[in-house]
Every structure is written in C-alpha cells, then in structure tokens.
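# Tertiary structure, described
Each chain is listed here by its residues.
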Amino acid sequence: MPPPSKTQAGSSPPNPPRFLYSASRFLTIPVNTHTPEICLIGRSNVGKSTLINALSGADAETARKAHGLRARGAGLAITSRTAGSTKSLNAYGFGPPTKQQRLAALQAAKEAKDAEDAVASRGVRRAAREKREPPPQYRLIMVDMPGYGLGSEAAWGREIEKYLARRKMLRGAVLLIDAVAGIKDADLMVLETLRDAEVRTAVVLTKVDKLLREDQPEQRSRVEEVCLSVWEELRKVESGGMTWLEGAEKGWQNEVWVTSAGDADTDGNGVDHGSEVGDLSDGWAGGR
C-alpha cells in the first residue's frame, strides 16, 4: 500500500483556497488571461465574505495571515458587522489549475517570448519580460465585490460596472440577496446591469437560518415566498433584454440557492446544496 498523501495524513491539501489581492480600481487589477473568474455581488452586509469563508473552509488564522489584519471572523475573508467594511475588489483562488489552463499559459508564454526576441532593443525585451503574466496557480478566482447600499460609495459602483463590462475572464456573477429583507430596488438595478453586460447570473439567498428557526416553523414558507419573488423579478428583468435569457449561457440560472453560512449551529459553514455550488463554479469555468 502506498504511503498516505499529505492530504490523507491531515496536512493542508495542494492549492488550498488563498487570498490573492485587493484592488480599489479596475485598472489596478492584475492581468489575467488564463483563470476563469466569478464575482460575488450584493448589498452591504449581505454575507459575501461569509460565503467565501464557507466555501473555502479556512480558519481565522488563515484570514489574519492572508490580509495582514486582525481577523474579525472565522475564515479566509475578513468579515464585519459594520456595513461597507469591504472597500475593494478582493480576489481568492480556488483549486489547482487544469491541464488545459497550464498548456494555454505555456503556449502564450512561448508566443510572447518569440515576439520579444524579434525586438532588437534589449531594454524593450527586459520590460516585456517584467510585464509577462505568471502561469495560472488556481482553477478559479472568486472576486468579492464591495457592497452597495448602506455604507457604500458611488465610486465603488463605477468600478464594479467597469469590471462587469470589461473583464475578459469573467465567467459569471453570483448575486446575494438577504432572505429576510427580500429583493430590493438596488438588487434589481444590479440585475439590469448584469443583463446589459450579458453576464451569466445566479442568485443565492443568505441568512436563511433566520427564517428556519425551530420555534417559528411558519417562517419556512417565507423562504419559498422569497424564492418565488426572485424568480418573478428575474423574468421581468429578462424582458428588458434580448440575449439574457433563463438558462442561457449568457443569461440567468433558474435555480435559487440558499445558505445559512455564518450560522453558529452549522459552524459557520451552512451552505445548502453545497455540492451544487461547486458544480456551478465548475460549469461556469468553461465559458462566459
């Protein structure tokens, strides 16, 4: 029998989820031409960072080291009860890169080197090498966007719009909606922006644990009501476009996911249909 791998022995798995960078402006985001990206969008304090933590399974020490800050929550992403605490686009890497990603990166690097060698100036060649994109380290990048609404700033919205319209490796967006508050006008405006940018979109209801308390069984029907209201609004938004259609590659997904991530009863990792969330990411990695 072969010796157990590091993962089997209880050590960290290869390519564990990792904080990659923060960017306050679209133009400062690192170049990426090989790794698919999915962005998380939602109102302030809706639970975007908490969902990142639930999917990563990281602990508070990882978050503290990754961000260089004192961890305020248990996970890879720093969480806070203060609205608007996420003030930049924060990116996180998930999973090892695929063989296809690695081969594409090698081919791109070869073509770049050939182009550099054709340039006579040594200084120009050196500058080109310094700007060369590093090989992919992760299969997927998840980008946690600043929240809109309470505690937000107008400038964040402009940078998010640039990202949605111009980021070449963007493969989809996940809109988080507070299950207790329901879908709001600001959420509808974001959906219209996603529609106009032809970004594949899925919806996740957060804080569902607050509607599923054992002492209030009648609240369970509230989750269904919120899901139905989301579907109705998605279809209304769809009617304002031509290609952003239900189930389409550049449209919206008719499944609505729910999560109780952050709920103490689930150790902060209560993601319903968790495997499907992973399947969603895998499926979106292939194309926008």
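Note that the structure is a prediction, hence the values are computed from the model and not measured.

Let us now look at the overall build of the chain. Per the secondary structure count, the chain includes eight helices and seven strands. For the chain, contacts bridging at least 24 residues in sequence account for 75% of all contacts bridging at least 6. Approximately 15600 Å² of the chain is accessible, and the part contributed by carbon and sulfur atoms is 51%.

Bringing the pattern of salt bridges into the picture now. Going through the model one piece at a time under the given rule, you end up with eight salt bridges. Here Arg 43 and Asp 187 are joined by a salt bridge, their closest N and O atoms 2.5 Å apart. Residue Arg 43 is found in the loop between strand 2 (37-42) and helix 1 (48-56), and its partner Asp 187 is found in helix 6 (residues 185-196); the two are separated by 144 residues along the sequence. Neither Arg 43 nor Asp 187 differs from the other in exposure class; each is buried. The residue Glu 159 makes a salt bridge to Lys 162 at a minimum N-O spacing of 3.3 Å.

For the rest of this paragraph, the subject is the nonpolar core. Ranked by internal contacts, the top residues of the largest apolar core, which has 40 residues, are Cys 39, Ile 41, Tyr 163, Leu 191 and Leu 205. For Leu 205, the residues in contact, after removing those within four places along its chain, are Ile 177, Ala 179, Val 223, Val 226, Cys 227, Val 230, Val 256, Trp 257, Val 258 and Thr 259. The next biggest cluster of nonpolar side chains, apart from the first, holds 15 residues, and it includes Phe 19, Leu 51, Val 174 and Leu 176.

This part takes up the sheet that holds strand 3 (residues 89-94). As summarised here, the arrangement of the seven strands in space is 1-3-4-2-5-6-7, forming an open sheet in which the pairing is mixed. What marks the edges here is a single partner per strand, and that holds for strand 1 (18-23) and strand 7 (252-258). The average angle at which neighbouring strand axes cross in this sheet is 25°, direction not considered. Bridge count for strand 1 against strand 3 is five bridges, and the pairing is antiparallel. Note on strand 3: the bridge partner recorded for Tyr 21 is Ala 91. Those strands touched by helix 1 are strand 2, strand 3, strand 4 (140-144) and strand 5 (170-178), and its axis lies near 140° from that of strand 2.

Moving on, we get to the pairing of strand 7. Of all seven residues in strand 7, five are buried; the element is thus mostly enclosed. Bridge count between strand 6 (residues 201-206) and strand 7: four bridges; the pairing is parallel. Paired with Leu 205 across the bridge in strand 7 is Val 258.

With respect to burial, strand 6 is a largely interior element, six of its six residues being buried. Judged by which residues are buried, strand 6 turns out to be covered on both faces: Thr 201, Val 203 and Leu 205 on one side and Ala 202, Val 204 and Thr 206 on the other are all buried. Direction of pairing for strand 5 relative to strand 6: parallel, over a ladder of six bridges. In the sheet register, Leu 176 faces strand 6, and the bridge partner there is Val 204.

Take helix 6 next. Given a rise of 1.5 Å per residue, twelve residues ought to cover 16 Å, and the 17 Å separating the end C-alpha atoms of helix 6 matches this to within 8%. Along helix 6, the positions that sit buried rather than exposed are Asp 187, Leu 188, Val 190, Leu 191, Leu 194 and Arg 195. All buried residues of helix 6 project into a common sector of 160° when viewed along the axis, lining one side. In helix 6, the exposed positions that point more than 90 degrees away from the buried face belong to Asp 185, Met 189 and Asp 196.

So, about the environment of Asn 254. Looking at the element boundaries, Asn 254 is found in strand 7. You can call Asn 254 partly exposed: its relative accessible area is 32%. Placed 19 residues apart in sequence, Asn 254 and Arg 235 show a C-alpha to C-alpha distance of 9.6 Å. In contact with Asn 254, other than residues within four places in its own chain, are Trp 231 and Glu 246. Within the structure, Asn 254 has its side chain in polar contact with the side chain of Glu 246 (distance 3.1 Å).

Cut-off values and rules
Residues numbered from 1 in each chain as written. Predicted model: local features only at pLDDT ≥ 70, side-chain atom pairs only at ≥ 80, totals over all residues. Heavy atoms only, no water. Helix = DSSP H or I, 4+ residues; strand = E, 2+ residues; numbered from the N terminus. Contact = heavy atoms within 4.5 Å. Areas by Shrake-Rupley, 256 points an atom, 1.4 Å probe, with all protein chains shown as cover. Salt bridge = Lys/Arg side-chain N within 4 Å of Asp/Glu carboxyl O. Buried < 20%, exposed > 50% of the residue type's maximum accessible area, 1.4 Å probe, protein only. Core = buried A, V, L, I, M, F, W, Y, C linked by side-chain atoms within 4.5 Å. Pairing = 2+ DSSP bridges. Axes fitted to C-alpha atoms, helices over the stretch in contact; angles between N-to-C directions. Expected span 1.5 Å × (residues − 1). Arc of directions from axis to C-beta. Polar contact = N/O pair within 3.5 Å; in protein donor to acceptor, adjacent residues only side chain to side chain.

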